[in-house]
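Chain by chain, the residues:
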Amino acid sequence: MRQGFWKLFHYIQGKNEKEMKIDMTVPVTCLVKSGCTDFKISFFVPFEHQDCPPQPTDSNVFIEERKAAALFVRSFGGFASPEKYAEEADALARTLRNRGQPFHEDFFYTAGYDSPFKLFNRHNEVWYFKK
């Protein structure tokens, strides 16, 4: 996951066709698919760049448009590890199953809202998409 983060970080630091620095936004999301070890890390493009974002110069970085969606979200604090995200996703999935809520079980997103330098009152989430 760190490798994906740094590729995106370089993009917003000017490794793009316009050599433009772009403000960091939150959350930083990560798509986690069941049984898959590849992850897709995402930043949100700031509103002022969404109509015409600078194109990446790294072939592993791409612009993706996300449509509006209904999500189920579980929030938690502290420093989130991959294991903690998986634990929280499992807890959310159990809650949804117990309540009879249909959701896409084959993937979830993690969402981190804080700088690694923030020590207290951290905010993290896991997301499942509603069916």
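Residues numbered from 1 in each chain as written. Predicted model: local features only at pLDDT ≥ 70, side-chain atom pairs only at ≥ 80, totals over all residues. Heavy atoms only, no water.

Here we look at the overall build of the protein chain
Phase 1: Of regular secondary structure, the protein chain possesses two helices and five strands.
Phase 2: Walking the protein chain from its N terminus toward its C terminus, one meets helices and strands in the order α-β-β-β-α-β-β.
Phase 3: Expressed along its principal axes, the backbone C-alpha trace of the protein chain runs to roughly 50 × 35 × 30 Å.
Phase 4: On the protein chain, roughly 8800 Å² of surface is accessible, and the fraction owed to carbon and sulfur atoms is 52%.
Phase 5: Charge separation in the protein chain, taken as the distance between the mean sites of 18 positive and 17 negative side-chain charges, equals 4 Å. (Helix = DSSP H or I, 4+ residues; strand = E, 2+ residues; numbered from the N terminus. Areas by Shrake-Rupley, 256 points an atom, 1.4 Å probe, with all protein chains shown as cover. Lys, Arg positive; Asp, Glu negative; His and termini not counted. Charge placed at Lys NZ, Arg CZ, Asp CG, Glu CD.)

Things to note about unusual backbone geometry
Phase 1: Note that the residue after V26, namely P27, is joined by a cis bond; omega there is 5°.
Phase 2: Mapped onto the secondary structure, P27 falls in the loop between α1 (2–12) and β1 (28–33).
Phase 3: Despite not being glycine, E19 has its phi angle at roughly 50°, a positive value.
Phase 4: Within the secondary structure layout, E19 lies in the loop between α1 and β1.
Phase 5: With a relative accessible area of 67%, E19 lands in the exposed category.
Phase 6: Located in the positive-phi region is N121, a residue other than glycine, with phi close to 55°.
Phase 7: As for its position among the elements, N121 is in the loop between β4 (107–112) and β5 (124–129). (Buried < 20%, exposed > 50% of the residue type's maximum accessible area, 1.4 Å probe, protein only.)

Nothing here speaks to function; it is all geometry.
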